[in-house]
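In case you want the letters, here they are:
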Amino acid sequence: MPDLSTFPITQRWPALHPDRLQLYAAPTPNGVKVSIMLEETGLAYEPHLVDISNNESKDPAFVSLNPNGRIPAIIDPAGPDGNPIAIWESGAILLYLADKTGQLNSSAPAQRYETLAWVFFQVSGVGPTFGQLGFFLKFVGKDYEDKRPRQRFIDESKRLLGVLDRQLEGREWLVDDYSIADIATLGWVNALAEVYAAGDILGLGEYSNVQTWLRRGLARPAVQRGLRIPARPA
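Let us look at the structure shown here. (Residues numbered from 1 in each chain as written. Predicted model: local features only at pLDDT ≥ 70, side-chain atom pairs only at ≥ 80, totals over all residues. Heavy atoms only, no water.)

Pairing of strand β1 (residues 21-25) with strand β2 (residues 45-49) involves 5 bridges; the strand directions are parallel. Opposite Ala-25, over in β2, you have Leu-49 as the bridge partner. (Pairing = 2+ DSSP bridges. Helix = DSSP H or I, 4+ residues; strand = E, 2+ residues; numbered from the N terminus.)

Empty space left among the atoms is revealed by rolling a probe the size of a water molecule over them. Estimates place the volume of the largest pocket at around 1,200 Å³. Lining the largest pocket are 37 residues, with Thr-28, Pro-29, Ile-52, Trp-188 and Tyr-196 positioned closest to its centre. For the lining of the largest pocket, the secondary structure elements donating two or more residues are α2 (32-41), α5 (109-138) and α7 (180-194). The dominant element in the lining of the largest pocket, judged by the number of residues it contributes, is α5, at 6 residues. Taken together, the residues that form the lining of the largest pocket break down as 14 nonpolar, 16 polar and 7 charged. (1 Å grid on protein atoms, 1.4 Å probe; cavity = no way out; pocket = protein on both sides within 12 Å on 5 of 7 lines; lining within 4 Å. Points joined across faces, edges and corners; volume = space filled by probe spheres on them. Nonpolar A, V, L, I, M, F, W, Y, C, P; charged D, E, K, R; others polar.)

It is worth spelling out the side chain of Thr-41 at this point. Considering the arrangement of structural elements, one finds Thr-41 in helix α2. Here Leu-43 takes part through its backbone nitrogen, which lies 3.5 Å from a polar atom of the side chain of Thr-41. Thr-41 has contacts with Thr-101, Gln-103 and Leu-104, leaving out every residue within four places of it along the chain. (Polar contact = N/O pair within 3.5 Å; in protein donor to acceptor, adjacent residues only side chain to side chain. Contact = heavy atoms within 4.5 Å.)

Look at the link from Ile-71 to Pro-72: it is a cis peptide, with omega at 5°. With respect to the helices, strands and loops of the structure, Pro-72 is situated in the loop between α3 (60-63) and β3 (73-76). Here the bond from Ile-229 into Pro-230 is cis, since omega is -5°, no more than 30 degrees from zero. Position of Pro-230 among the secondary structure elements: in the segment after α10 (221-226). Despite not being glycine, Asn-55 has its phi angle at roughly 60°, a positive value. Here Asn-55 lies in the loop between β2 and α3. Its identity is not glycine, yet Ala-197 carries a phi of approximately 50°, on the positive side. Here Ala-197 is to be found in the loop between α7 and α8 (199-202).

Those residues of helix α9 (residues 208-218) that sit buried are Asn-209, Val-210, Trp-213, Leu-214 and Gly-217. In a view along the axis of α9, the buried residues occupy a sector of 130°, so they form one face of it. Buried positions along α9 lie against α6 (148-167), α7 and α10. (Buried < 20%, exposed > 50% of the residue type's maximum accessible area, 1.4 Å probe, protein only. Arc of directions from axis to C-beta.)

Another aspect to go through is the packing of helix α4 (residues 90-101) against α7. Running from N to C, α4 and α7 cross one another at 145°; their axes reach a closest spacing of 10 Å. Crossing of α4 against α7: the hand is right-handed. Of α7, the residues touching α4 (which contributes Leu-94, Leu-95 and Ala-98) are Ile-180, Ile-183 and Ala-184. In the contact of α4 with α7, the residues fall into 6 nonpolar, no polar and no charged. (Axes fitted to C-alpha atoms, helices over the stretch in contact; angles between N-to-C directions. Left-handed = near helix turned anticlockwise from the far one by under 90°.)

By themselves, these observations are geometric and do not establish any function.
This is the structure in structure tokens:
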């Protein structure tokens, strides 16, 4: 049985199944990237809810795993050298799990790096921009009198949706096959309407390729399960 006691986070969130991969996350657009990936690959894992509304990601135990204090993060008890390994940053986790399982990223160099380019596009552009838009539409930012910052993120969100829509012209997925690029992006696009109520202000219906791709992704059972993991308290 792997010994995870050297990781302080396991004192705050005990591992009931230390032989399984440990996921520390919340069902946010960023967090569900990893739960969807784990559901798609079939790896055994144990999810732990990190309640970001109560600043649990700033808990010293969590920061001991991820110095940036942001979900998600994982501990894999069966790391590359047979010892437990901690991984943080969602893009790094997706790549690690793809490499570990040999799934959802091509081994062909050209397709592999194209897939990674779209993962980094999500990490650097889609996530930060859509997240800030959500701040201004749904959360505290909606009360700001100065609407110029909100408009900046509306305009940039439209631009990024246009990039995605053009890439998806004549394609089922962002690259040739369903991959970590799609997994990284689905939750964020879904959140625009489902969480941030941004459908009208962005004209989401105008991005027909994105809408078709989103419906296709949401139809996957692993995506539906992953969007609800870790479960919030009833």
